Amino acid sequence: MVPFSSTIIPICITFIIGLHLSSLVSAHPVNKTQVIYRRAASREEILSQLPKPFKQTIVGIGDLHGDYDAMEEVLLMTGVAKDVKEGGEIVFNDDPSITVVQVGDIMDRGAQPKAIFKVFDDLRKAWGKDRILNLLGNHEVINIYGDWRFVSEDEINSYRGKVNDDGEFQYSEEEGIQRRMMMLRKGWIGKTLREDYLVAARVPLHPALGPVNTVYRPEEDPNFGELSHATIGFIHGGISDGTVWSDFPRSLNNFGSEVIKQLQAQKIEPRMKGSIPPKPPKFSGNINNRDAMNFILDGVLWNRDWAERPDSEKLCQDIDYVLQKHGLRHLVMGHTINQGGIVSRCDGKILLIDTGMSYGFGWERGMLSAIKFDYSWKPLDEPFTFEEQSTVTAIYQYKSPVKLTDDTPRIIKYIVEP
C-alpha cells in the first residue's frame, strides 16, 4: 500500500492550481483577494510551480464568405496586420502575443475565397500553426461534397483564366467549374483544408494549461478543480445541448480531417444553383456513411442551438454542462448572422461572432467585427501575490468597442504551508 503522506502533496497541488486558474477566466471576477493555501517543502519549491507572468491577445474572426476587403479591414483593426502596401501586400504584425482563430465559412457568396485562403496560409507560415487557427465551416465541407448552390459566378470566372481583347475567357464556364473542383480535391486549397483546417479549437488563456488543442481528459486527475476549463472553445456551428465529445477537440478534428480526405478521393460532379444536392458518397474504414453525412449536412457545422434558443435560466444551465464536459470557459461560434453586432449570452459563456460581413449576401454588408480576449497574469510586490485580468471585447470598424464581460482584476495570494 502506498503511504498516504506520499500522495497528498501532488493531489493538493493539482487542486490548488485548478482553483487559481479558474479565476483567470471568470465571467464576472469579484474585486477581492483570493487566498490559496499551498503545501510545499520550501519557498523555492512553490515558486517553481506557480504560473509564470504572461500576457496575450486572442482574436476571433467570424464568417468572411469570399469578401477579401472585409478580411483586410478586420486584420487591420485588430492589429493582426499593421499596413497594406500600395500593391495590395498585407504587412503582418510581428507581435508574438497574438493568436488568431477564424471560425470558418471563407467560401461561397463572395468572389475571392481563394485570395483569403492565401492570406491565412501566409499568416500560418509566418506565425506558426499554434497561432493561426482556421476552422472548417459548413460551406467549406459542402463545396468539397459538390453542393455549389452558393458559389458566385464571379468566383467561377476566377478559375477561367485571363480575358482576351475580345472579352472572352481563356477557359469555358464548364472548364472553370472543373478547374475549381480540382483545386478543392487535389490543389493547394484542398491540401490546406485537409491538413490545416480544424473542426474545433481549444485555446488556453495561460501556457500552464498546455499548448493549443490540448485534449480535455478529466478522468486523468479527479482533483483538477477548474484548471482544465480555463480555455476558449471555437467551433463554426455549435455543440448540441447534452452532447459530449470524448478527447475534445482531437476526436472532432480527426473525424473532420478523415471525412474531407475521403470526399476528396471520390469523383464528385458539383451541382450548381437551383439543383438538388449530389448523390451521397461512400465512406470506409472507421467512418460510416451515417456519421459522415450528418457531419456534412447537419451536426456541429450547422448547429444553431445557442443562437436561436430564447434567453432563460435553462439555457445557461445547458451551456454550463457543455462547457464543463469539454473543459471550456467560453464557446465562440459563427454560422448564425447577427448584423447588429457580436452577441454575448449567459455572461459571455456563449459568444456569437458572425455579423454578416460579406457583401456576397446581396444585402448591405453587416458590421465589420472581431472578438478579442486580452489576458494578463503578473506578480505584485507582495510575495506570492499576483494580479490577473481577462477582458472580452467586441471590436468594430465604425463603432466603439463593447466589453462583453466584467474585467475587474482579481488578486491571488498564495500562503505556503510546510
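Check the entry above for the structure.
Description of the structure in this document. (Residues numbered from 1 in each chain as written. Predicted model: local features only at pLDDT ≥ 70, side-chain atom pairs only at ≥ 80, totals over all residues. Heavy atoms only, no water.)

The full count for this structure, using the stated rule, is 1 disulfide. With a sulfur-sulfur separation of 2.1 Å, C316 is cross-linked through a disulfide to C346. Across the S-S bond linking C316 and C346, the dihedral sits near -90°, which makes this disulfide left-handed. Of this pair, C316 sits in helix α12 (residues 313-326) while C346 sits in the loop between β11 (343-345) and β12 (350-352), and the two are 30 residues apart along the sequence. We classify C346 as buried; its relative accessible area is 13%. (Disulfide = S-S within 2.5 Å. Helix = DSSP H or I, 4+ residues; strand = E, 2+ residues; numbered from the N terminus. Buried < 20%, exposed > 50% of the residue type's maximum accessible area, 1.4 Å probe, protein only.)

Each regular strand displays side chains that alternate between the two surfaces of the sheet. Buried residues dominate strand β9 (residues 231-235), accounting for 5 of its 5 residues. Here strand β8 (residues 200-204) runs beside β9; their pairing, made up of 5 bridges, is antiparallel. Residue pairing across strands places R202 opposite G233, the latter belonging to β9. One ladder, built from 4 bridges, connects β9 with strand β10 (residues 330-333); its direction is parallel. Paired with I235 across the strands is M333, a residue of β10. (Pairing = 2+ DSSP bridges.)

What follows deals with the packing of helix α7 (residues 173-185) against helix α8 (residues 188-195). Packed helices, taken two at a time, are described by their axes: the angle between them and the distance between them. The interhelical angle for the contact between α7 and α8, taken along N-to-C directions, is 35°, at an axis separation of 4 Å. Here α7 runs over α8; the crossing is right-handed. Residues M183, L184 and R185 of α7 touch α8, and the partners they reach there are W188, I189, G190 and R194. Residue composition of the contact of α7 with α8, grouped by class: 4 nonpolar, 1 polar and 2 charged. (Axes fitted to C-alpha atoms, helices over the stretch in contact; angles between N-to-C directions. Left-handed = near helix turned anticlockwise from the far one by under 90°. Contact = heavy atoms within 4.5 Å. Nonpolar A, V, L, I, M, F, W, Y, C, P; charged D, E, K, R; others polar.)

What follows covers the packing of aromatic side chains. Here the structure, examined in full by the defined rule, presents 5 aromatic pairs. Ring centres of F255 and F295 lie 5.6 Å apart, and the angle between their planes is 85°; on these two criteria the pair is classed as edge-to-face. Here F255 is found in helix α9 (residues 250-264), whereas its partner F295 is found in helix α10 (residues 289-297), with 40 residues between them in sequence. Given the relative accessible area of 17%, F255 is considered buried. Residues W377 and F386 carry aromatic rings whose centres are separated by 4.9 Å and whose planes lie at 10° to one another, so their mutual orientation is stacked. Against the face of Y159 rests K114, its NZ or CZ located 4.1 Å from the ring centre. (Phe/Tyr/Trp six-rings, centres within 6.5 Å; stacked < 30°, edge-to-face > 60°. Lys NZ or Arg CZ within 6 Å of the ring centre and 35° of its normal.)

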